[in-house]
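# Structural features, examined
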Amino acid sequence: MNIVVCIKQVPDAAEVKINPETGTLIREGVPSIINPYDMHAIEAAVQIKEKTSGKVTAITMGPPQAETALRDAISLGVDEAILLTDKAFAGSDTLATSYTLSKTIEKLSPDIIICGKQAIDGDTAQVGPEVAEFLNIPHVAYVRKIEDIGEKSIRVQRLMEEGYDVVESTLPVLLTVVKELNEPRLPSLKGKMAAKKAEIKKWTAADIGADEKDVGLKGSPTQVKNIFAPEPKKDRQMLEGTPEEQTDALIKKLMELKCL
Amino acid sequence: MPIVVDKEKCTGCESCLEVCPYDAIDIKDDKAVINEYCQMCMACLPVCPEGAIKEIQEAAEEPTNLEDYEGVWVFAEQRDGTVASVAYELLGAGRRLADELKTELSAVLFGASEQEANELIRWGADKVYLCEDPTLKHFNDEPYAGLLSSLINTYKPEIVLAGATPIGRSFIPRVAAKLRTGLTADCTSLNIDSETRNLLQVRPAFGGNIMATILCPNRRPQIATVRPRVMKRNEYDSNRTGEIINVKAEDLASRTKIIETVKEVSEVSVNLQEADVIVSGGRGLGGPKGFEMLKELAGLLEGAVGASRAAVDEGWIPYSHQVGQTGKTVCPKIYIACGISGAVQHLVGMQSSDIIVAINKNPEAPIFNVATYGIVGDVYEVVPMLIKKIKELKGK
Ligand SMILES: Cc1cc2nc3c(=O)[nH]c(=O)nc-3n(C[C@H](O)[C@H](O)[C@H](O)COP(=O)(O)OP(=O)(O)OC[C@H]3O[C@@H](n4cnc5c(N)ncnc54)[C@H](O)[C@@H]3O)c2cc1C
Ligand SMILES: Nc1ncnc2c1ncn2[C@@H]1O[C@H](COP(=O)(O)O)[C@@H](O)[C@H]1O
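These numbers were taken from a predicted model, which means no experiment stands behind them. (Residues numbered from 1 in each chain as written. Chains lettered and ligands numbered in written order. Predicted model: local features only at pLDDT ≥ 70, side-chain atom pairs only at ≥ 80, totals over all residues. Heavy atoms only, no water.)

### Describing the overall build of chain B
For clarity, the cut-off: Under the scheme used here, helices are H or I runs from DSSP no shorter than 4 residues and strands are E runs no shorter than 2 residues, and both carry numbers assigned from the N terminus. Any two residues having at least one pair of non-hydrogen atoms within 4.5 Å are treated as being in contact. Areas reported here follow the Shrake-Rupley algorithm with a probe of radius 1.4 Å; residue values treat only the protein chains shown as occluding. Lys and Arg are tallied as positive, Asp and Glu as negative. Neither His nor the chain termini are counted. To locate a charge, take NZ of a lysine, CZ of an arginine, CG of an aspartate or CD of a glutamate.
For chain B, the count of helices and strands is 10 helices and 22 strands. Across its three principal directions, the C-alpha atoms of chain B cover 70 × 65 × 40 Å. Pairs at least 24 residues apart make up 63% of the contacts formed inside chain B by residues separated by at least 6 positions. Carbon and sulfur atoms form 47% of the exposed surface of chain B, whose accessible area is close to 16100 Å². For chain B, the distance from the average position of its 42 positive side-chain charges to the average position of its 55 negative side-chain charges is 4 Å.

In structure tokens:
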């Protein structure tokens, strides 16, 4: 199986702090990590490769610094890595990102493409299905288990609100994966060595034959008009007294809220 | 780079550094420099005391036939033939937008009956595009995306809204990509810019720590998925009439096949995203037994049970209950956090709840920073007392 994983470098939310006065994020000195869901995508790809042989290629679109995310991916068992980096890609929304990734994936003709469910900075969960549409292949979102992989088809479990669906798809297919799918491994010593030595390919808009008007800001139909801090929480109140008094006070509040 | 710093005006005061969510500003030689992490979120523009940071307007793309598009659409998702409650909420929002635009509100319903279509009209739709074809009864991405985009191409609505549910978030991106238009995920507020008729789409980013207003000014339709439980329904009007347009299902071929649908039932519903009340437990419960107690409380409040990752990782409760960055994002009317410390990854999943109650024995726990009502105490003392008193109230 020839597999492509799409990964994104994001700020580590565990380290993001909020400035209590302005309600904005303090990002200074926050390390960048591979999007947590994409760690599960990498693990799934490497497991499939180990079972069926083949090759795993990780791709990311981002600034030159995103190379470190790709090296981390190699330390986890990914064979090759491509960094899509070009000033022309700056300001991409999900449509432009998906177009750019799909132009790259076309060149690699994989059997399976794996994305994370969503990236934790934007939380859109749109890139996976949009990439599948650009490639004109099927996709299954929220994959929590891979049941079976055949020559020409795959059977997976898709997480839904009240349970799960068993879905069968033809190949090639794009999957977006949730945390339940697997437990990502730690880098091996061999992997770390490989990561150090690996050559990371750097591709530009020209290398993937992307139309200039479809990438970056120009190819992005959505625009950020402004950003602002969410409204601060209304009146906060510590309930006082003995546990019983506090409980009574809470019950009174719940009754006022017509919850009881 | 479309955001630039005027070197003459910049004093190197670093105000912009603090607000940048992407770490995209460096100070070099006492001047701010925008680096390649910039996502053009514009957070730095208003904070610069010197007005030194500017956006360079690139030649915007030509708007494409905006005036050909008119009307507001709601995609009404159904499960097992019954319209999901998020669809009625969307009709509430859609009605308001349509009235402001002085246009019609339509609903699109796949795989359900005319009876359900009539309900959509009573909840505010003027028209319903209905496809009763039984192959659409169960959600499948390709036929849903194919049929919805072909309807959009035929009838050209200016706005399309869908629920930010597993269904909406899976197939609506395919529709947007087919139509090469913009899609804004997980909106929490929608308004109209009366001058341009543009939809102002507000959504949280970074797990609710910042809010962004997104526009799709040059292409149509403008598509948004909307969080369940944030929009208000209209009044139900059992006399309201409207038009049902039966649409033929064309080309429902799909490369994915649903083999089986499995419902995972638990005593108290796990359906966190639709619950009005969520009683959630963390490591402070000390073991699976604590969740028995929370289930009882949730049952009394007709709510669902949530959990922190720590509790899930301990194996006390399945992952489907997890709230937070790597679990579900919820916004019930009341969220009761029992023995949860309030780590940022948990907060991002629940801090937009209307009312947050925290029960924790450590008065310094960060959960109290977001709690509407805080109780410092032992969950094993407070919760059983709550249960007892509520039962007494209900006369059980
Ligand atoms: C990439 C990443 C993603 C993550 N995603 C999530 C996520 O989606 N959701 C999530 O929840 N976490 C997530 N986490 C984990 C998160 O950082 C915290 O570790 C977790 O939320 C802590 O859970 P907790 O509050 O239950 O446990 P703890 O932090 O151990 O807190 C337990 C609390 O219980 C109190 N307590 C103890 N005994 C009692 C008692 N008898 N009565 C009352 N109070 C008591 C204590 O004072 C303490 O405040 C993530 C972490 C990472 C790195
Ligand atoms: N810039 C990017 N480069 C590579 N993959 C990406 C990028 N952005 C998003 N993805 C993939 O798409 C998934 C969903 O991202 P999003 O739609 O941004 O929430 C991520 O988990 C990644 O697998």
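### Remarks on the overall build of chain A
The condition is simple: Relative accessibility thresholds used throughout: buried, under 20% of the residue-type maximum; exposed, over 50%; partly exposed, between the two (1.4 Å probe, protein chains only).
The helix and strand inventory of chain A stands at six helices and 15 strands. Seen through its C-alpha atoms, chain A measures out along the principal axes to roughly 65 × 40 × 40 Å. Evaluated residue by residue, chain A yields a buried proportion of 57% over its 260 residues. Restricting the contact set of chain A to residue pairs at least 6 apart, pairs at least 24 apart contribute 70%.

### Focus: the pattern of salt bridges
All names here are of chain A. Put simply, the test is: Definition used for salt bridges: Asp or Glu carboxyl oxygen within 4 Å of a side-chain nitrogen of Lys or Arg.
For the structure shown, the criterion picks out 38 salt bridges over all chains. The salt bridge involving Asp 121 is made with Lys 8; its shortest N-O contact spans 3.2 Å. One end of the pair, Asp 121, is in the loop between β8 (112–116) and α4 (127–135); the other, Lys 8, is in the loop between β1 (2–6) and β2 (9–11), with 113 residues separating them in the sequence. Overall, Asp 121 belongs to the buried group, its relative accessible area being 6%.

### Comments concerning the sheet that holds strand β16 (residues 243–246) of chain B
All names here are of chain B. Applicable threshold: The pairing criterion is simple: DSSP has to find at least two bridges between the two strands. For helices, the axis comes from a line fit to the C-alpha atoms of the stretch in contact; other axes are also lines fit to C-alpha atoms, and the angle between any two N-to-C directions lies between 0 and 180 degrees.
Taken in spatial order, the seven strands make up an open sheet running β11-β15-β10-β5-β8-β9-β16, and their pairing is parallel. Each edge of the sheet is formed by a strand with only one pairing partner; in this case those strands are β11 (183–187) and β16. Direction aside, the axes of adjacent strands within the sheet are offset by 20° on average. When strand β9 (residues 127–131) meets β16, the two strands line up parallel, connected through four bridges. Bridge pairing links Lys 127 to Glu 243 in β16. With respect to the sheet, helix α5 (residues 166–179) is in contact with β5 (72–76), β10 (159–163), β11 and β15 (222–226), its orientation differing from that of β15 by roughly 170°.

### Examining a negative patch on the surface
Quick reminder of the rule: Like-charged residues are merged into a patch within 9 Å and nonpolar side chains (Val, Leu, Ile, Met, Phe, Trp, Tyr) within 5 Å, provided each residue has over 30% relative accessible area and no salt bridge.
On the surface, Glu 14, Glu 18, Asp 29 and Asp 30 of chain B cluster together into a negatively charged patch. Take Asp 29 of chain B: it is sitting in the loop between β2 (25–28) and β3 (31–34).

### Focus on the environment of Asp 86 of chain A
All names here are of chain A. Put simply, the test is: We define a polar contact as two N or O atoms separated by no more than 3.5 Å, with the added condition that, inside protein, one atom must be a possible hydrogen donor and the other a possible acceptor, whereas residues neighbouring each other in sequence contribute only through side-chain atom pairs.
Note on placement: Asp 86 falls in the loop between β7 (80–84) and α3 (94–108). As for Asp 86 and Ile 200, which are separated by 114 residues in sequence, their C-alpha atoms are 15 Å apart. Polar contacts involving the side chain of Asp 86 include one to the main-chain amide nitrogen of Ala 205, which spans 2.9 Å.

### Considerations on the pairing of strand β14 (residues 210–215) of chain B
When you tally the buried positions in β14 of chain B, you get six out of six residues, the bulk of the element. Neither face of β14 of chain B is open: one carries Ile 210, Ala 212 and Ile 214 of chain B, the other Met 211, Thr 213 and Leu 215 of chain B, and all of them are buried. Here five bridges tie strand β14 (residues 223–228) of chain A to β14 of chain B, and the two strands are oriented antiparallel to one another. Bridge pairing links Phe 228 of chain A to Met 211 of chain B in β14 of chain B. Pairing analysis gives five bridges linking strand β13 (residues 198–205) of chain B to β14 of chain B, with the strands arranged antiparallel. In the strand pairing of β14 of chain B, Val 202 of chain B is matched with Thr 213 of chain B.

### A short note on the environment of Ile 317 of chain B
All names here are of chain B. By the element assignment, Ile 317 lies in the loop between α7 (309–313) and β20 (334–338). Owing to a relative accessible area of 7%, Ile 317 belongs among the buried residues under this scheme. Look past the residues within four positions of Ile 317 in its chain and what remains in contact with it is Phe 291, Val 305, Ala 307, Ala 311 and Val 312.

### Looking at the interface of chain B and chain A
The condition that has to hold: Joining two parts hides part of their accessible area as seen by a 1.4 Å probe, and the buried area is that hidden amount summed over both.
Listed by partner, the interface residues are 103 residues for chain B and 95 residues for chain A. For the pair chain B and chain A, the two sides together bury roughly 9100 Å², of which 58% comes from carbon and sulfur. When the buried surface of chain B facing chain A is broken down by residue, Arg 174, Arg 255 and Tyr 373 of chain B rank first, second and third, together holding 8% of it. There are eight salt bridges connecting chain B and chain A.

### Description of the pairing of β10 of chain B
Residue and element names in this part refer to chain B. Across the five residues that make up β10, a large majority, five, are buried. Here β10 shows a buried face lined by Ile 159, Leu 161 and Gly 163 and a second buried face lined by Val 160 and Ala 162. Pairing of β10 with β15, which is carried by five bridges, proceeds in the parallel orientation. Following the sheet pairing, Ile 159 is matched in β15 by Gln 222.

### Remarks on a nonpolar patch on the surface
A cluster of nonpolar residues, Met 255 and Leu 260 of chain A together with Leu 393 of chain B, forms a patch on the protein surface that exposes about 240 Å² of accessible area. Its location among the elements puts Leu 393 of chain B in helix α10 (residues 379–393).

### Let's talk about the state of the cysteines
Structurally, a disulfide amounts to a covalent bond that connects the sulfur atoms of two cysteines. Condition: Two cysteine sulfur atoms form a disulfide, by the criterion used here, when they sit within 2.5 Å.
Enumeration according to the criterion identifies zero disulfides over all chains in this entry. Its sulfur unpaired, Cys 115 of chain A is 3.8 Å from the next cysteine sulfur, which belongs to Cys 6 of chain A. Cys 13 of chain B provides the cysteine sulfur closest to Cys 48 of chain B, a residue in no disulfide bond, and the two sulfurs are 6.1 Å apart.

### Notes on the site of ligand 1
Residues and elements named next belong to chain B. What counts is decided by this rule: Near residues are defined by distance, with any heavy atom within 4 Å of the molecule or strand qualifying the residue. Basically, the charged four are Asp, Glu, Lys and Arg, the nonpolar ten are Ala, Val, Leu, Ile, Met, Phe, Trp, Tyr, Cys and Pro, and anything else, Gly included, counts as polar.
The environment of ligand 1 is made up of 24 residues, and the closest members are Arg 283, Ser 308, Thr 326, Ser 341 and Gln 345. Ser 308 is positioned such that a nitrogen or oxygen atom in its side chain is 2.5 Å from an oxygen atom of ligand 1. Between ligand 1 and Arg 309, the relevant distance is 2.9 Å, taken from an oxygen atom to a main-chain nitrogen or oxygen of the residue. Relative to its unbound accessible surface of 990 Å², ligand 1 loses 78% to contact with the protein. The set of elements that each furnish at least two residues to the shell around ligand 1 consists of α7 and α8 (344–347). For the shell around ligand 1, the per-class residue count stands at five nonpolar, 15 polar and four charged.

### Things to note about the site of ligand 2
All names here are of chain A. What surrounds ligand 2 is a group of 18 residues, the closest being Cys 6, Asp 38, Ala 119, Thr 124 and Ala 125. Between Ile 7 and ligand 2, the recorded distance is 3.3 Å, taken from a backbone N or O atom to a nitrogen atom. The backbone of Val 127 places a nitrogen or oxygen atom 2.9 Å from an oxygen atom of ligand 2. When contributions to the shell around ligand 2 are tallied by element, the ones reaching two or more residues are β6 (55–61), α3 and β8. It is β6 that provides the largest number of residues to the shell around ligand 2, a total of three residues. For the shell around ligand 2, the residue count by class is nine nonpolar, seven polar and two charged.

In short, geometric facts, not functional conclusions.
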